[in-house]
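Structure assessment
The residues making up each chain are set out below.
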Amino acid sequence: GALVYQYPRRTICKSGTSMRMECQAVGFQATSVAWYRQSPQKTFELIALSTVNSAIKYEQNFTQEKFPISHPNLSFSSMTVLNAYLEDRGLYLCGARAGGQNTLYFGAGTRLSVL
Amino acid sequence: GDSVTQTEGLVTLTEGLPVMLNCTYQTIYSNPFLFWYVQHLNESPRLLLKSFTDNKRTEHQGFHATLHKSSSSFHLQKSSAQLSDSALYYCALGSSGSWQLIFGSGTQLTVMP
């Protein structure tokens, strides 16, 4: 079946530092990856959509300068949160889908705490 | 733009009673895809149900939902709630025109003994 591994599960960083999270698809080819942030209030914000061999599309309020994403192949994607501050706290989720499919499979999430 | 509305933020009911969580959507696309995701405490969202076909009931793990394009709805139902059903439930909208998922605000279901 389709599985998505995301790591680390939990991370704490000091204010102003950066952290990177990674997402690996197993059992299918992750043609597209969506990165979401779930706020402490449990709402979902789409950060960006990434498709292999295409430009990464960032949503309003999110930029490549702050959340650089790499999607080099059909099984791996990573996102970095640069200069993390309190407002960046939350659960970051990667959702991957295979080409031609419409279902997103989510990783376990990376919970970011900022001190 | 596209949107998903889940009117109940919190639903509390007694074990054994029926469950119905509302979901309505707005989209410019004629072929929407609707999903229900369930998120248990400290876990990530997991796909529960999906439907791409109008008026066709889809079922999984005792839950069912029917996409009704005429009313733009995809309500989640279960005949008898179990304690283990306590979780956050998200309705999500996708389409062939844009595969990104738009999530509703979520409904916290709490089942009491």
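Residues numbered from 1 in each chain as written. Chains lettered and ligands numbered in written order. Predicted model: local features only at pLDDT ≥ 70, side-chain atom pairs only at ≥ 80, totals over all residues. Heavy atoms only, no water.

1. What about the pairing of strand S4 (residues 30-38) of chain A?
Residue and element names in this part refer to chain A. Of all nine residues that make up S4, eight are buried, and the element is covered over most of its length. Of the pairings in the sheet, the one linking S4 to strand S9 (residues 90-98) comprises eight bridges and is antiparallel in character. Opposite Gln38, over in S9, you have Leu91 as the bridge partner. In the sheet, S4 pairs with strand S5 (residues 44-51) via seven bridges, with the strands oriented antiparallel. Bridge assignment links Trp35 to a residue of S5, and that residue is Ala48. In this structure, the hairpin formed by S4 and S5 is closed by a connection of five residues, where Lys42 is found at a positive phi of approximately 80°. (Buried < 20%, exposed > 50% of the residue type's maximum accessible area, 1.4 Å probe, protein only. Helix = DSSP H or I, 4+ residues; strand = E, 2+ residues; numbered from the N terminus. Pairing = 2+ DSSP bridges.)

2. Thoughts on the sheet that holds strand S7 (residues 57-60) of chain B
All names here are of chain B. The sheet built from four strands is open, its strands ordered S3-S9-S8-S7 with antiparallel pairing. The strands lining the two open edges of the sheet, one partner per strand, are strand S3 (19-21) and S7. Here the average twist between neighbouring strands, direction ignored, is 20°. Bridge analysis of strand S8 (residues 63-66) against strand S9 (residues 76-78) gives three bridges, and the strand direction is antiparallel. The residue bridging His64 from the neighbouring strand is Gln77, located in S9. (Axes fitted to C-alpha atoms, helices over the stretch in contact; angles between N-to-C directions.)

3. Describing the pattern of salt bridges
All names here are of chain A. Applying the stated criterion across every chain, the model contains six salt bridges over all chains. Across the pair Arg37 and Glu45 runs a salt bridge whose closest N-O atoms are separated by 3.1 Å. On the basis of relative accessibility, which here comes to 29%, the residue Glu45 falls in the partly exposed class. One network of salt bridges, with partners in common, ties together Arg37, Glu45, Lys66 and Asp88. (Salt bridge = Lys/Arg side-chain N within 4 Å of Asp/Glu carboxyl O.)

4. Quick look at the side chain of Gln39 of chain B
Note that Gln39 of chain B resides in strand S5 (residues 32-39). When its relative accessible area of 6% is taken as the criterion, Gln39 of chain B is described as buried. In terms of polar contacts, Gln39 of chain B uses its side chain to reach the backbone carbonyl oxygen of Glu43 of chain B, at 2.9 Å. When residues no more than four places from it in sequence are discounted, the contact partners of Gln39 of chain B are Gln38 and Leu91 of chain A together with Ser44, Pro45, Ala87, Leu88 and Tyr90 of chain B. (Polar contact = N/O pair within 3.5 Å; in protein donor to acceptor, adjacent residues only side chain to side chain. Contact = heavy atoms within 4.5 Å.)

5. Considering the interface of chain A and chain B
Listed per partner, the contact involves 22 residues of chain A and 18 residues of chain B. When chain A packs against chain B, close to 1,700 Å² is buried across both sides, 60% of that on carbon and sulfur atoms. The largest contributions to the chain A side of the interface with chain B come from Phe44, Asn102 and Phe106 of chain A, which together make up 32% of the buried area. Here chain A and chain B share zero salt bridges between them. Elements represented by at least two residues in the side of chain A that touches chain B include exactly S4, S5 and S9 of chain A. Counting residues per element, the side of chain A that touches chain B draws most heavily on S4 of chain A, which supplies five residues. Residues that form the side of chain A that touches chain B fall into these classes: eleven nonpolar, seven polar and four charged. (Buried area = accessible area lost by both parts, 1.4 Å probe. Nonpolar A, V, L, I, M, F, W, Y, C, P; charged D, E, K, R; others polar.)

6. Some details on the nonpolar core
Formed by 25 residues in total, the largest nonpolar core has its most connected members in Trp35, Ile47, Phe67, Met79, Val81 and Tyr92 of chain A. For this core, the secondary structure elements donating two or more residues are strand S3 (19-26), S4, S5, strand S8 (76-81), S9 and strand S11 (110-114) of chain A. Look past the residues within four positions of Tyr92 of chain A in its chain and what remains in contact with it is Gln6, Met21, Tyr36, Arg37, Ile47, Phe67, Met79, Val81, Gly109, Thr110 and Leu112 of chain A. Counting residues in hydrophobic clusters, the runner-up holds 24 residues, among them Val11, Leu48, Ala87 and Tyr89 of chain B. (Core = buried A, V, L, I, M, F, W, Y, C linked by side-chain atoms within 4.5 Å.)

7. Remarks on the confidence of the model for chain A
For chain A, mean pLDDT is 91; residues scoring 70 or higher make up 99% of the total. Mean pLDDT across the elements of chain A ranges from a minimum in strand S10 (residues 105-106) of chain A, with 89, to a maximum in S8 of chain A, with 96. (pLDDT = per-residue confidence, 0-100.)

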